Number of protein chains: 2
Amino acid sequence: MTWTDPACPVARTLDLVGDRWCLLIIRDAMDGARSFTDFQHRTGVARNILTDRLRRLVDHGLLQRETAKSGRRQMYVLTDAGRDLFPVVVAMRQWGERHTFAPGEAHSVLVDEAGLPLPDLRPTDSRGNPATIDTTAVLHTD
Amino acid sequence: MTWTDPACPVARTLDLVGDRWCLLIIRDAMDGARSFTDFQHRTGVARNILTDRLRRLVDHGLLQRETAKSGRRQMYVLTDAGRDLFPVVVAMRQWGERHTFAPGEAHSVLVDEAGLPLPDLRPTDSRGNPATIDTTAVLHTD
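## A closer look at the relation of the copies chain A and chain B
Right, so step 1: With an RMSD of 0.0 Å, the fit of chain A onto chain B corresponds to turning through 180 degrees and sliding 0.0 Å along the axis. Expressed as a symmetry operation, the mapping of one chain copy onto the other fits a two-fold axis.

This is the structure we're talking about:
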């Protein structure tokens, strides 16, 4: 793997999943998609692109291939690292809800076991207070 | 704007910023980059791609153009919607820290005003308990 910006964790994450289709596949895997057909129906992506992205996600350790009990179909299951993208997908969902829909416009909703939406993810500082761009800084390595 | 998957807030977010360079530009804007040259030095991206992505981010309302006090240089400043991508960038940074670095390998660090790293962003449910893929569900619109 050649990293775009090796010292930056944001950039490394983007090197692995910084592609619209990769993150939509991860989204659908979190929502129960398993087979090539599942992913194709849900994303609507072209077959050749889906083949490429599934292989890339397997190579990067975000999905693993399993054979269905019937022994016929390949299934794609999230690895622990893939499952751990949940905060990233939730943060993107919540930003989209806040900024890309008109008031009252219908959209899918992520709910908890009580059927209620999750509270907005908000970064906090080491003492638990809200953290923003203005109260944080990036320390760069030399 | 033609949305890839109009009812999904994750997909809408990816339509706007689901490109490695867009999110690296946002990252750098959060860290103080303002001019074309700032962004070029920090991202290392080719000039034609940077020009395209800056225009796209302005068109999508994530950056706004301002003229520097000298009256000579164009500056690019985050809008409120752009600033609000902070949770997305923090979630990506923390995932990258957890999964893409060897133990002890150097990387940039986001710190609060006390110089301490931010706690990991973790989704919670409506009662404040940890929420995971297994305890949440996506309700799709028809």
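Let's pick the thread back up.
## Thoughts on the pairing of strand β1 (residues 63-67) of chain A
Residues and elements named next belong to chain A.
Right, so step 1: Bridging between β1 and strand β2 (residues 74-78) involves 5 bridges; their strand directions are antiparallel. By the bridge assignment, T67 is partnered in β2 with Q74.
Right, so step 2: Once β1 ends, the chain turns through 6 residues before running back antiparallel as β2, passing G71 with a positive phi of about 80 degrees.

## Concerning the packing of aromatic side chains
Within a pair of aromatic rings, the relevant descriptors are the distance that separates the centres and the angle that separates the planes.
Right, so step 1: Per the counting criterion, the structure on display carries 2 aromatic pairs over all chains.
Right, so step 2: On the numbers, 6.4 Å between centres and 70 degrees between planes, the contact of F39(B) with Y76(B) is edge-to-face. One end of the pair, F39(B), is in helix α3 (residues 36-43); the other, Y76(B), is in strand β2 (residues 74-78), and 37 residues separate them in sequence. Each of the two residues, F39(B) as well as Y76(B), counts as buried.
Right, so step 3: Across from the ring centre of F101(B), 3.8 Å away, lies the NZ or CZ of R12(A), which sits over that ring.

## Considerations on the environment of P87(A)
Right, so step 1: Here P87(A) is to be found in helix α6 (residues 86-99).
Right, so step 2: The exposure class of P87(A) is buried, given its relative accessible area of 6%.
Right, so step 3: Sequence-wise, P87(A) and L121(A) are 34 residues apart; in three dimensions their C-alpha atoms are separated by 8.1 Å.
Right, so step 4: For P87(A), the residues in contact, after removing those within four places along its chain, are L121(A), A91(B), R98(B), L121(B), R122(B) and P123(B).

## Comments concerning the environment of D28(B)
Right, so step 1: If you trace the backbone, D28(B) turns up in helix α2 (residues 20-30).
Right, so step 2: Not counting chain neighbours up to four residues away, the residues in contact with D28(B) comprise A33(B), F39(B), R42(B) and T43(B).

## Observations concerning the interface of chain A and chain B
Right, so step 1: Taken together, the contacts link 75 residues of chain A with 75 residues of chain B.
Right, so step 2: A per-residue breakdown of the area chain A buries against chain B is headed by M92(A), W95(A) and I133(A), which together make up 11% of the total.
Right, so step 3: Counting every contact that joins chain A to chain B gives 12 salt bridges.
Right, so step 4: Residues R20(A) and D15(B) are paired through a salt bridge, measuring 2.9 Å at the closest nitrogen-oxygen approach.

## Digging into the side chain of T79(B)
Right, so step 1: Looking at the element boundaries, T79(B) is found in the loop between β2 and α5 (80-83).
Right, so step 2: If near-sequence neighbours (up to four positions away) are discounted, T79(B) is found in contact with G61(B), L62(B), L63(B) and Q64(B).

## Examining helix α4 (residues 47-59) of chain B
Residues and elements named next belong to chain B.
Right, so step 1: For α4, which comprises 13 residues, the first-to-last C-alpha distance of 18 Å matches the rise-based estimate of 18 Å (1.5 Å per residue) to within 8%.
Right, so step 2: Taken as a whole, α4 has its buried residues at L50, R53, L54, L57 and V58. Seen end-on, α4 carries its buried residues on one side only, within an arc spanning 135 degrees. Relative to its buried face, α4 has exposed residues pointing more than 90 degrees away, namely N48 and D59.
Right, so step 3: Buried-residue contacts for α4 involve α1 (9-17), α2, α3, β1 (63-67) and β2.

## Comments concerning the pattern of salt bridges
Right, so step 1: Here the structure, examined in full by the defined rule, presents 26 salt bridges over all chains.
Right, so step 2: For D120(B), the salt bridge goes to R122(B), with nearest N and O atoms at 3.6 Å.
Right, so step 3: Put simply, D19(A), D52(A), R53(A) and R56(A) are held in one network by salt bridges that share partners.

Here is what the cut-offs are and how they apply
- Residues numbered from 1 in each chain as written.
- Chains lettered and ligands numbered in written order.
- Predicted model: local features only at pLDDT ≥ 70, side-chain atom pairs only at ≥ 80, totals over all residues.
- Heavy atoms only, no water.
- Least-squares fit on C-alpha atoms with pLDDT ≥ 70 in both.
- Pairing = 2+ DSSP bridges.
- Helix = DSSP H or I, 4+ residues; strand = E, 2+ residues; numbered from the N terminus.
- Phe/Tyr/Trp six-rings, centres within 6.5 Å; stacked < 30°, edge-to-face > 60°.
- Buried < 20%, exposed > 50% of the residue type's maximum accessible area, 1.4 Å probe, protein only.
- Lys NZ or Arg CZ within 6 Å of the ring centre and 35° of its normal.
- Contact = heavy atoms within 4.5 Å.
- Buried area = accessible area lost by both parts, 1.4 Å probe.
- Salt bridge = Lys/Arg side-chain N within 4 Å of Asp/Glu carboxyl O.
- Expected span 1.5 Å × (residues − 1).
- Arc of directions from axis to C-beta.

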